[in-house]
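# Structure at a glance
Now for the letters of each chain:
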Amino acid sequence: MTLAGVLLVATMALPLLLAAALGKRAVRDRALDLLVLAPFPGLAAALLVPHGSAALSPMRIVLALDPLGAALLGTASLLWLLAGAYARAQMAGDARAVRFAFWWLLTQAGSLGCFLVADIASFYLTFSLASLAAYWLVVHEGTSRASRAGFVYMALAVLGEAVLLLAFVMMAVGGDGNPLIAEAAARLPGSPHQGVVVALLVVGFGLKMGLVPLHVWMPLAHPVAPVPASAALSGIIVKAGVIGLIRFLPLDTGYLAGGTALTAIGLFTAFYAAIVGITQAKPKTVLAYSTVSQMGFVATILGSGLAVGSTTAASVTAFYALHHLLAKGALFLGYGVVAAGGARVAVLAAMVIPALALAGLPFTGGALAKYAAKEVIDPGAAGTLATLAATGSTVLMLHFLRMLREQPDTGRVAPVGLLVPWAVATVASIAIPYAVMDLLTGMTPLAALTITALWKAAWPILLGVAISASLIAFAARLPAIPEGDIVVVADGVGVHANRFGTALERADTTLRSWPAGVTALLAVALAVALTLRLPA
Amino acid sequence: MNDTAGLLVVLSVMVPAIAVMAMLARPSRAPDQIAALAWPAVTVVTVTLAWTVIGNGAPVTYAVGGWRPPLGLLLRADGLAVVTMVMVSVILGLVGLAARADPAATSGTGGQRRSLVFWAMLLALWSALNLCVLARDLFTLFVALELLTFAAVPLVALDARVETLRAALRYLLIALAGSGLYLLGVGLVYARHATLDLGLLKTVVSGDDGLAIGLMTAGLMAKTAVFPLHLWLPPAHAGAPAPASAVLSALVVKAPFLLLARIWFELGFNTVTPATHLLAGFGAASILWCSLMALRQARLKLMIAYSTVAQIGYLFLMFPLAPGDDWWAQLGWSGGLLQLTSHAFAKAAMFLAAGLVAEGLGHDRIDGLAGASRAAPLSVFTLAFAGLSLMGLPPSGGFNAKAMMLASAVGLGEWWIAVTILAGGLLAAGYVFRVIGRAIAYPDPSVQVTPIARNRELVPFALALFALALGFVPLGQFSVLAIGVAP
């Protein structure tokens, strides 16, 4: 096997093997150390073999990297590493660390796998692994808030799995049992089911990305997890949905109706989440809504590309997602630093950068990401709205910083083990976009540094600052929208479901009584006999 | 006209029967040792037979007494038969290992009697199961089904408690009523066509035999326990000792289904008709109704039993999918039979693991499962891995099976079947996660658990790994199943 093969396989295999090794008592004592070890093959693969591929024929798994996949794999591995180091410092001595490590490693194997598998069945496998294993990161704290979040998360995740399975099966129709994703996506425009398949893909992957109205689990789930897990969930796991749309949608050939719909959903999500987000009081919930809003923007890029058929949409989306991954990771870890050490000026000042980078603050990685996105988004109405989305992000992130400032001072300084991963993530969120922009999108970072580009990036933010300043006066009058907003509609369902279940049990008891059973037996015989006489 | 390969066909039915007689002749001798001797013998026979059939690409037949139909009886090992027989060998072998490691399952009060009944009935089942897939005429098949019932009922009542006796009686009565209907149907067929051989009937049956087919179908459905005829299964499968439940749920309910499938597909009802949709409707109702019931169960074994009825429902979805020779139909047929096999391994694993968990905790209430991962950690993994197959998540045989059936349903435009398959997966995820989530939770410090010996956990785990390994079969039609199907 080539170096590429070894590294690609190890990217998924090492976390899985380490998870299995937790069965040994000696390993269990050092469970948290494994979190730091596990992401290295992924990092190495992204750096050393960005065009590598490997086929594990007996298990019909095909692994392949392209520059886009490698960039996301590399940054995701980096954040897994940083968040893992953070978890190692934060959770030292926690009795539940072993279980946390186990699900962490499984989630990691799945999420990194999503970036490098090339065939449909393996993609479904890695996507499901990431989705389902992450459940235990959500419910880790064991509080009632966590278990409610976990229930909503799991219900929607499993629904998403079902929707995607149908989409994948419909895409595989006409090929052999398990075609490569690229082949199936290329065949899609000729399929009579294109509309249905694209809709199913948007629902299935949109659930993972948190597109409104499928976002309800995210503001519940991301805040209740431990800080490093929140960073991974909000930074990395949502990108499984992004890479899914990138890989499966026929972006090159284009599909006007699907693209327009996706753009509309994306823009609506971007604004809706920003507006609901500023009514939230908990910093982590605000960050979760920010992720929803940002993924709305990602959907806008993808939709714009899909509508007209764009060869650059995939890589620009990946570039935008890459920046969000690092910035959101830095923000969640930074929240943890503040929670552990109080709202110190230096920390808060440093948090301003990744926070406003999400709005495209000039000179940050976010400015590059927004600049690249403008190359894909149609400059008309969608473009204007997309520009204004930066204003929404500014208001939302300033709200986040304000909530952060109100965190109580613990009087201690956050331990180095928390500070270092956070600081590295913050630096990476600026440096890496500069380093990979040209490679990924073919655009030079210098283009985003011209006076025109800087002004285009700055004015929506200045507008956001102005709105934010005027909102402070009204802050007390803003309505308090519960976390997960429209999810409260579902709360009433529980009672009805229970009543339905009781009725079902009663009916089953009746069915299982002798008179009903014998009647059913004869009725089945007659029904089959009669239908057999019917003409076909 | 009967060659040595034909002899293997007979041996696969006779050797377990001889072992049963040996046990009954010398009840004082340890019956598990006789079973341990019989297992390799029968397994060698079935594997050699499978090897021959698959190698030649042609079925092996044996005419009893050298007389061919219409005068004589025919036993015939086709692709479906040998695949099933190998599966039965593997599962019975592993369940037998688990039972030997579990003294409580076959001893205790009246230990010797229990032990004798368990092993004798296990081998009698084996003989009956092999005969069910080999026999080619409707009356021999009736005998095989009766043998199966009379071997299965005592397994339910092994504990001899009031509720298990009641469950066993209920099972017996329903199975006999099913047999009655089946026999009535056989009588009608014989009256019209003067033959019971499946090969000969193929050319003469028609829609006019609707009543006969309807009676036989209802009888077999009662024995398979598909909705709304599932009344006997939950108490019977939940009340039996774990190794017995494993065999009952994994294998015994599959035999009448295979016979039903043979009757429908081999007797030329291989077009999509309202009747095939009716059968699929029963399957869909099974999936939805009994998955919801599984979600509502308070006890682990009852939950698993309801899940069996739900998973059997998937098999009935084959009836409108598999008729015909096109690619989608073949995919539906292969997917359905893969579902049968994967469920057999997964469910055997689950019942055995649930037995160990219940032993470790002293109860099997789902609400009180916290601590299971301390008492029997590997068994919790077994439940989770087997659960993957029930949910239809990769990598597992259940995923491949459901993906293939889903593809077939989409390819044939049977959208309601596609939606049912997906909804069944969702509900299965619900009842599996409910158990796993509780089982891995940290227990109250007051909870006392009895640790289970690790080696006893290995057998169920191996069964679950089989179910996972089936996830690596190709996602296409299996040529082996076509052996002997073509006229």
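All of these numbers come straight from a predicted model, not from anything done at the bench.

This part takes up the overall build of chain A. Across its full length, chain A holds 23 helices and 2 strands. Taken over C-alpha atoms, the radius of gyration comes to 24 Å for chain A, in line with the 24 Å a tight globule of 536 residues would show. Each of the three principal axes of chain A carries a C-alpha extent, and together these read 80 × 55 × 50 Å. Counting the 536 residues in chain A, one finds 61% classified as buried. Within chain A, counting contacts between residues at least 6 apart in sequence, those at least 24 apart form 83% of the total. In chain A, which carries 29 positive and 20 negative side-chain charges, the distance between the mean positions of the two groups comes to 7 Å.

A count of helical and extended segments in chain B gives 21 helices and 2 strands. Compactness check: chain B gives a C-alpha radius of gyration of 21 Å against a globular reference of 23 Å for 487 residues, within 12% of the reference. Expressed as lengths along the three principal axes of its C-alpha atoms, the size of chain B is roughly 70 × 55 × 40 Å. Here chain B, with 487 residues, has 66% of them falling under the buried criterion. Each charge class in chain B can be summarised by its mean position, and for the 27 positive and 20 negative side chains these summaries are 8 Å apart.

Moving on to the packing of helix α1 (residues 3–21) of chain A against helix α4 (residues 40–48) of chain A. All names here are of chain A. Put simply, α1 and α4 touch, their axes get as near as 8 Å, and they point 160° apart. Accordingly, the angle class assigned to the pair α1 and α4 is roughly antiparallel. Judged by the sense of rotation from one axis to the other, the crossing of α1 with α4 is left-handed. Across from Leu 7, Leu 8, Ala 10, Thr 11 and Leu 14 in α1, the residues of α4 making contact are Pro 41, Gly 42, Ala 44, Ala 45 and Leu 48. Here the contact of α1 with α4 is built from residues that sort into 8 nonpolar, 2 polar and no charged.

Reported here for the second largest pocket is a volume of approximately 1800 Å³. In this structure, the second largest pocket is lined by 44 residues; those nearest its centre are Phe 151, Val 152 and Ala 155 of chain A together with Leu 295 and Gly 430 of chain B. Elements with a contribution of two residues or more to the lining of the second largest pocket: α7 (120–138), α8 (144–172), α21 (488–491) and α22 (493–511) of chain A together with α13 (274–296) and α20 (415–439) of chain B. Among the elements that line the lining of the second largest pocket, the one with the most residues is α8 of chain A, at 10 residues.

What follows deals with the pattern of salt bridges. For the structure shown, the criterion picks out 23 salt bridges over all chains. A salt bridge links Glu 483 of chain A to Arg 145 of chain A; the shortest N-O distance between them is 3.0 Å. Residue Glu 483 of chain A is found in the loop between α20 (451–472) and α21, and its partner Arg 145 of chain A is found in helix α8; the two are separated by 338 residues along the sequence. The partly exposed category is assigned to Arg 145 of chain A, whose relative accessible area is 36%. Bridged by salt links that share partners, the residues Asp 78, Arg 136, Arg 262 and Glu 266 of chain B form one connected network.

With that settled, consider the interface of chain B and chain A. Taken together, the 64 residues of chain B in the interface contact 56 residues of chain A. Buried surface at the junction of chain B and chain A, summed over both partners, amounts to about 5000 Å²; 79% is from carbon and sulfur atoms. Contact with chain A buries surface across chain B, with Arg 296, Phe 433 and Tyr 442 of chain B losing the most and accounting together for 12% of the total. With its nearest N and O atoms 4.0 Å apart, the salt bridge here joins Asp 208 of chain B to Arg 533 of chain A. Listed by contribution, the elements that provide at least two residues to the side of chain B that touches chain A are α7 (162–193), α9 (210–224), α13, α16 (327–361), α19 (397–411) and α20 of chain B. When grouped by side-chain class, the residues that make up the side of chain B that touches chain A number 52 nonpolar, 9 polar and 3 charged.

Quick look at the confidence of the model for chain B now. Mean pLDDT over chain B stands at 90; residues scoring 70 or higher make up 97%. Two numbers describe this predicted complex: its pTM, 0.91, and its ipTM, 0.90.

With 387 residues, the main nonpolar core has Leu 138 and Trp 264 of chain B as its most contacted residues. Of the residues forming this core, the biggest block, 19 residues, is contributed by helix α15 (residues 313–341) of chain A.

The next point concerns helix α11 (residues 242–252) of chain B. The element α11 of chain B is extensively covered by neighbouring structure, given that 11 of its 11 residues are classed as buried. What α11 of chain B keeps buried is the set Ala 242, Pro 243, Ala 244, Ser 245, Ala 246, Val 247, Leu 248, Ser 249, Ala 250, Leu 251 and Val 252 of chain B.

What follows is about the packing of α7 of chain A against helix α12 (residues 227–248) of chain A. Residues and elements named next belong to chain A. Orientation of α7 relative to α12, taken along the N-to-C sense of each, is 160°, at an axis distance of 11 Å. With respect to each other, α7 and α12 are oriented roughly antiparallel. Pair α7 / α12 crosses with left-handed handedness. Contacts between α7 and α12 involve Ile 120, Phe 123, Phe 127, Ala 134, Leu 137 and Val 138 from the former and Ala 229, Leu 233, Ala 240, Gly 241, Ile 243, Gly 244 and Phe 248 from the latter. The residue inventory of the contact of α7 with α12, partitioned by class, reads 11 nonpolar, 2 polar and no charged.

Further remarks concern a nonpolar patch on the surface. Judged by side-chain polarity, Trp 455, Trp 459, Leu 462, Leu 463 and Ile 467 of chain A come together as a nonpolar surface patch covering roughly 470 Å² of accessible area. Relative to the helices and strands, Leu 463 of chain A resides in helix α20.

All names here are of chain A. By the alternation rule, side chains of strand β1 (residues 53–56) split into Ala 54 and Leu 56, which are all buried, and Ser 53 and Ala 55, of which none is buried. Here 4 bridges tie β1 to strand β2 (residues 61–64), and the two strands are oriented antiparallel to one another. By the bridge assignment, Leu 56 is partnered in β2 with Ile 61.

Before going further, it helps to examine unusual backbone geometry. Here the amide bond leading from Val 212 of chain A into Pro 213 of chain A is cis, since omega sits at 10°, within 30 degrees of zero. Within the element layout of this structure, Pro 213 of chain A appears in the loop between α10 (194–209) and α11 (217–224). Phe 227 of chain B connects to Pro 228 of chain B through a cis peptide bond whose omega is 5°. For Ala 194 of chain B, which is not a glycine, the phi torsion comes out positive at approximately 60°. The exposed category is assigned to Ala 194 of chain B, whose relative accessible area is 56%. The backbone of Ala 225 of chain B sits at a positive phi, close to 70°, despite the residue not being glycine. Position of Ala 225 of chain B among the secondary structure elements: in the loop between α9 and α10 (233–239). What makes Ala 225 of chain B buried here is its relative accessible area of 0%.

Reading the values: the criteria
Residues numbered from 1 in each chain as written. Chains lettered and ligands numbered in written order. Predicted model: local features only at pLDDT ≥ 70, side-chain atom pairs only at ≥ 80, totals over all residues. Heavy atoms only, no water. Helix = DSSP H or I, 4+ residues; strand = E, 2+ residues; numbered from the N terminus. Rg over C-alpha atoms; globule rule 2.2 N^0.38 Å. Buried < 20%, exposed > 50% of the residue type's maximum accessible area, 1.4 Å probe, protein only. Contact = heavy atoms within 4.5 Å. Lys, Arg positive; Asp, Glu negative; His and termini not counted. Charge placed at Lys NZ, Arg CZ, Asp CG, Glu CD. Axes fitted to C-alpha atoms, helices over the stretch in contact; angles between N-to-C directions. Parallel < 35°, antiparallel > 145°, perpendicular 65-115°, else oblique. Left-handed = near helix turned anticlockwise from the far one by under 90°. Nonpolar A, V, L, I, M, F, W, Y, C, P; charged D, E, K, R; others polar. 1 Å grid on protein atoms, 1.4 Å probe; cavity = no way out; pocket = protein on both sides within 12 Å on 5 of 7 lines; lining within 4 Å. Points joined across faces, edges and corners; volume = space filled by probe spheres on them. Salt bridge = Lys/Arg side-chain N within 4 Å of Asp/Glu carboxyl O. Buried area = accessible area lost by both parts, 1.4 Å probe. pLDDT = per-residue confidence, 0-100. Core = buried A, V, L, I, M, F, W, Y, C linked by side-chain atoms within 4.5 Å. Patch = residues over 30% accessible without salt bridge, like charges linked within 9 Å, V, L, I, M, F, W, Y side chains within 5 Å. Areas by Shrake-Rupley, 256 points an atom, 1.4 Å probe, with all protein chains shown as cover. Pairing = 2+ DSSP bridges.

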